[in-house]
Amino acid sequence: MQFLTGEPLAEEIYDIIYKAEKELIIISPYISLDSYFKDKVFKTHLNNSEIHIIIGFGKNEENISNSVKQQDIEFFTQFPNISIVYIKDLHGKYYCNEKKAISTSMNLIDYSFINNIEFGTLGEKRLINNNGFYETSKKIILDILEEMGDTVFVKRPKYRKKLLFGKDYRGSDIKLDKISEMTIDSVGKRTRLSKFNSEFYVNSALKEDREKRNHVLKHRNNLQRNPKVLINDTEEGFCIRCKKSIPKNTEKPLCYDDYKTWEIYSDIYYAERYCHSCGKEHETSFAKPECKKCFVKNKGVKTSG
């Protein structure tokens, strides 16, 4: 173990955050991030679904902004695999990744890192005799998060298993968001962190593939039953995301640029903004690209090849 203060302490905390690969635990009653924290330290994890970040903060249940600013909360909610836990009587500070841990007096506040006189104890994970500071402190912190914390925000990655090995990231889902509900009246309605898996495999990707196939087959069958509703290839349609003019085709309701973005996750039910047929603002999707009026008028069939 090492006892640290001043710049060596600050640098070790920076490194714990920056060099985390699989897990990052930050316990701090108060949080305030400057551009250095956001752009240089945390940003490396912004698109990394492999690392599970746990943020524990506390106090000021009547006004969450006194503990953490709204813009910092919004910054953290962008991460693909994150848990945010409120701990009412929190006073201690702790930083941990899969290799190192620091128990310290230093809040995750930019001012503290630059101006305050702070102390901290650093311990590293052991390969043998694993009952040292790192292992003991981490277990206690996880127990505190579970037994005394109220989980207020959870975002988790979803994966599609590859045929042989590995997995494909398929986006992240918000599993819980009750930050705006936090008041003194919410005490006693805790949500345990253990309720949420660190990642999940649903057959949603496979299911979506089947649904997309069924959607196409449905259009094809409708077309075979109703060939007279075909409209010539020159009829104008609209991109359901940006309203750009494109050939009318309910099976291809996105312009090329927006299709390439959509293709990353291929979510046929993702909410879009415009009707493919009339171009008016309506909630549509790849699966249902037309407003109700146009769908009824066109009988929901493909209009061009």
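What counts, and where the lines are drawn
- Residues numbered from 1 in each chain as written.
- Predicted model: local features only at pLDDT ≥ 70, side-chain atom pairs only at ≥ 80, totals over all residues.
- Heavy atoms only, no water.
- pLDDT = per-residue confidence, 0-100.
- Contact = heavy atoms within 4.5 Å.
- Salt bridge = Lys/Arg side-chain N within 4 Å of Asp/Glu carboxyl O.
- Helix = DSSP H or I, 4+ residues; strand = E, 2+ residues; numbered from the N terminus.
- Buried < 20%, exposed > 50% of the residue type's maximum accessible area, 1.4 Å probe, protein only.
- Phe/Tyr/Trp six-rings, centres within 6.5 Å; stacked < 30°, edge-to-face > 60°.
- Core = buried A, V, L, I, M, F, W, Y, C linked by side-chain atoms within 4.5 Å.
- Axes fitted to C-alpha atoms, helices over the stretch in contact; angles between N-to-C directions.
- Parallel < 35°, antiparallel > 145°, perpendicular 65-115°, else oblique.
- Nonpolar A, V, L, I, M, F, W, Y, C, P; charged D, E, K, R; others polar.

**Student:** Explain the confidence of the model for the protein to me, using residue names and the numbers behind them.
**Tutor:** Of the residues in the protein, 80% have a pLDDT of 70 or more, and the chain-wide mean is 83. Contacts from residues 204-209, a stretch scored under 50 in pLDDT, to residues over four places away or in other chains number nine contacts. Low pLDDT (under 50) marks residues 227-233, which in the prediction has 11 contacts with non-local residues, meaning those over four places away or in another chain.

**Student:** I'd like to hear about the pattern of salt bridges, residue by residue, with values.
**Tutor:** Scanning all chains against the criterion turns up 13 salt bridges. Taking the shortest distance from any N to any O, the salt bridge between Glu12 and Lys100 comes out at 3.4 Å. Taken together, the positions of Glu12 in helix H1 (residues 6-18) and Lys100 in strand E7 (residues 100-104) put the pair 88 residues apart, joining distant regions of the chain. The exposure class assigned to Glu12 is buried, which follows from its relative accessible area of 17%. Between Asp173 and Lys158 there is a salt bridge, and its shortest N-O distance comes to 3.9 Å. Placement of Asp173 in strand E11 (residues 167-177) and of Lys158 in strand E10 (residues 149-161) is noted, with a sequence separation of 15 residues between them. Given a relative accessible area of 13%, Lys158 falls into the buried group. Ionic contacts of the salt-bridge type, sharing partners, join the residues Glu146, Glu147 and Arg192 into one network.

**Student:** Could you give me a rundown of the packing of aromatic side chains, with the residues and numbers involved?
**Tutor:** Taken as a whole, this structure holds 14 aromatic pairs when the rule is applied. Centre to centre, the rings of Phe42 and Phe76 are 5.5 Å apart; their planes meet at 80 degrees, and the pair counts as edge-to-face. Here Phe76 lies in helix H3 (residues 70-76) and Phe42 lies in helix H2 (residues 35-42), a separation of 34 residues in the sequence. Taking the relative accessible area as the measure of exposure, Phe42 reaches 0% and is therefore buried.

**Student:** Tell me about the nonpolar core, and please be specific about residues and values.
**Tutor:** Counting residues in each nonpolar core, the largest one holds 38 residues, and the members touching the most others are Ile17, Leu24, Phe37, Phe42, Phe76, Leu108 and Phe113. Residue assignment for this core shows that the elements contributing at least two residues are H1, strand E2 (23-27), H2, strand E4 (52-58), H3, strand E5 (82-87) and E10. A per-element tally of this core places H1 first, with six residues. Once you skip the residues sitting within four places of it in the chain, Ile17 turns out to touch Leu24, Ile26, Phe37, Val41, Phe42, His45 and Leu108. In terms of nonpolar packing, the next biggest core, distinct from the first, is built from 13 residues, Ile27, Ala101, Leu145 and Leu193 among them.

**Student:** Kindly report on the environment of Met106, identifying the contributing residues and their values.
**Tutor:** One can find Met106 in the loop between E7 and strand E8 (108-109). Residue Met106 is classed as buried on the basis of its relative accessible area, which comes to 2%. Along the sequence, Met106 and Gly120 sit 14 residues apart, while their C-alpha atoms lie 7.8 Å from each other. Each residue touching Met106, except ones within four places of it in the same chain, is listed here: Leu9, Ile13, Lys93, Tyr95, Ser112, Phe113 and Glu118.

**Student:** So what about the packing of H1 against H2? Which residues, and what values?
**Tutor:** One way to put it is that H1 packs onto H2 with a least axis distance of 9 Å and a crossing angle of 50 degrees. The pairing of H1 with H2 is recorded here as oblique in orientation. Of the residues in H2, those in contact with Tyr14, Ile17 and Tyr18 of H1 are Tyr36, Phe37, Lys40, Val41 and Phe42. Of the residues in the contact of H1 with H2, the class split is seven nonpolar, no polar and one charged.

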